[in-house]
Amino acid sequence: MSTRREFLGSAAGTLAGLAFVGCDLLTSKPVRAQSRRREVVVSGKRAKVVDIHAHCAVPEALALMGMKLGTPGPSTRSDLSMVTHVSERLRAMDEQGIDVECLSINPYWYKADRDLAHQIIRLQNEKLAEACAANPERFVAFATVALQHPDLAAAQLEEGVKKYGMRGAAIGGSVNGEELSDPKFHPFWAKAEQLGVVVFIHPQGTGATSELSARLKGNGLLDNIIGYPLETTIALSHLIFEGTLDRFPGLKICAAHSGGYLPSYAARSDRGCLTQPARCPGGDFGAIKRKPTEYLKQMYYDTMVFTPEGLRHLVAEMGAERLVIGTDFPYPWTKTAVDHVLETPGLTDADRIAILGGTAAKLLGINPS
């Protein structure tokens, strides 16, 4: 296995024939946005802002699954490209006050066989590393892994971190109908704990959304509005109640969309087993060691709750030190993630600095200054 340094040093030459090359990502100078860069200040102190929830895609990898960037659909929109739209992305970051994005790719490969999954993941992680190397002060990335093949996923995570400089892994909320708490995924969780890196859980359309498709059809984008947060809620609940977080207590998990509905109704998780103990054999809360809400407070959550009251409640339930900025870029859910934190009443300066980027910088190994 080549080292990260060897990979980055040879990337331009060995990958020159791929479509990814030939854009501004592998030129000698980083791409620079044209707009003035906003610098966020809290009580006179410059605050570094890190966005942990930002999407992208690799056209060559999509092609291996018969998909094409630029065709209609949320997972193939053209501005996911880190080739043709990097300047546009940097411009948006500068305008909003985002200093660093952590790039991730939503899983679409969980049905791929082992050989194909290996090709997709290797290609994606190489391209993510190139994008980060081209603008190292602006981008870091989560590795992609083929979680349907857990032993392979564990190896891909290790390669991603050690060879490509990835800061963790991004995974879906379930895998082909199987919960992330299933023992078959223990090799992956063990590797994530061993490496000490973040696992970012983001729902995908093949989870609760597809399973409840008949109920979520119609007006209102309910498959996303309800289905995505519900998928995350279910995933985190199983990780708690099935003992995954007891088995791997050092895991660093960050949940998209503020953890779904779970932080907003956390106390119900503490009452369920006490109300119907027959459903939870092994103890007051089943076979787990602590109250469910205690596990929630060891995870991390992005700030995509949109209102000051929503953020205030999230801080009250989870703690400011557990929250990180998320924008969901390039999907236009918000352009005011920074102002959301700055303008929410009741937060201390230390809270704001931590949420804006202090906590994410520690999790992702980013220089905080």
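What you see is a predicted model, and the numbers here were worked out from it, not measured in a lab.

**Looking at the state of the cysteines**
Considering all chains together, one arrives at one disulfide under this definition. Here cysteine 273 is linked by a disulfide to cysteine 280, with a sulfur-sulfur distance of 2.1 Å. The chirality of the disulfide connecting cysteine 273 with cysteine 280 is left-handed, given an S-S dihedral of about -75°. Per residue, the accessibility class of cysteine 273 equals that of cysteine 280, and both read buried.

**Notes on the sheet that holds strand 9 (residues 198-201)**
Here we have five strands laid out as an open sheet, ordered 6-9-10-12-13, and parallel in their pairing. The two strands at the open ends of the sheet, each matched to only one other strand, are strand 6 (168-171) and strand 13 (323-324). Sheet topology note: the strand 10 (residues 252-255)/strand 12 (residues 300-302) ladder contains two bridges and is parallel. Bridge pairing in strand 12 places alanine 255 opposite tyrosine 301. Each of strand 9, strand 10 and strand 12 is contacted by helix 10 (residues 227-241), which is oriented at about 160° to strand 10, the strand it contacts most.

**Some points on the sheet that holds strand 3 (residues 50-55)**
Spatial ordering of the open sheet is given by 3-4-5, a layout of three strands whose pairing is parallel. The open sheet terminates on both sides in strands that have one partner only, identified here as strand 3 and strand 5 (139-141). Here the strands of the sheet are splayed against their neighbours by 30° on average, with no regard to which way each runs. In this sheet, strand 4 (residues 100-104) lies alongside strand 3 in parallel orientation, the contact comprising four bridges. Each residue of the ladder has a partner; that of aspartate 51, found in strand 4, is glutamate 101. Strands strand 4 and strand 5 of the sheet are contacted by helix 4 (residues 114-134), whose axis makes an angle of about 160° with strand 5.

**As for the packing of aromatic side chains**
Per the counting criterion, the structure on display carries five aromatic pairs. For the ring pair tyrosine 108 and tryptophan 109, a centre distance of 4.9 Å and an interplane angle of 85° mean the geometry is edge-to-face. Taken together, a centroid distance of 6.3 Å and an interplanar angle of 35° make the contact between phenylalanine 306 and tryptophan 333 tilted. Pair noted here: phenylalanine 306 is in the loop between strand 12 and helix 14 (308-318) and tryptophan 333 is in the loop between strand 13 and helix 15 (337-343), with a separation of 27 residues, a long-range link. You can call phenylalanine 306 partly exposed: its relative accessible area is 45%. Joined through ring pairs, the aromatic side chains of Tyr108, Trp109 and Tyr110 make up one cluster. The ring of tyrosine 295 carries the charged tip of arginine 290 above its face, separated from the ring centre by 4.3 Å. Over the aromatic face of tyrosine 300 sits the side chain of arginine 322, whose NZ or CZ is 4.4 Å from the ring centroid.

**Some details on the pattern of salt bridges**
Summed over the entire model, instances satisfying the criterion amount to 14 salt bridges. Where aspartate 79 meets arginine 77, a salt bridge forms, and the shortest distance between an N and an O atom there is 2.7 Å. The partly exposed category is assigned to arginine 77, whose relative accessible area is 25%. The partner of lysine 291 in a salt bridge is aspartate 270, and the shortest N-O contact between them spans 3.9 Å. Taken as a pair, lysine 291 in the loop between strand 11 (284-287) and helix 13 (292-296) and aspartate 270 in helix 12 (residues 266-275) lie far apart in primary sequence, 21 residues in all. Its relative accessible area of 37% is what places lysine 291 among the partly exposed residues. Judged by its relative accessible area of 9%, aspartate 270 falls in the buried class.

The rules we used
- Residues numbered from 1 in each chain as written.
- Predicted model: local features only at pLDDT ≥ 70, side-chain atom pairs only at ≥ 80, totals over all residues.
- Heavy atoms only, no water.
- Disulfide = S-S within 2.5 Å.
- Buried < 20%, exposed > 50% of the residue type's maximum accessible area, 1.4 Å probe, protein only.
- Pairing = 2+ DSSP bridges.
- Helix = DSSP H or I, 4+ residues; strand = E, 2+ residues; numbered from the N terminus.
- Contact = heavy atoms within 4.5 Å.
- Axes fitted to C-alpha atoms, helices over the stretch in contact; angles between N-to-C directions.
- Phe/Tyr/Trp six-rings, centres within 6.5 Å; stacked < 30°, edge-to-face > 60°.
- Lys NZ or Arg CZ within 6 Å of the ring centre and 35° of its normal.
- Salt bridge = Lys/Arg side-chain N within 4 Å of Asp/Glu carboxyl O.

Worth remembering: the numbers are spatial, not functional.
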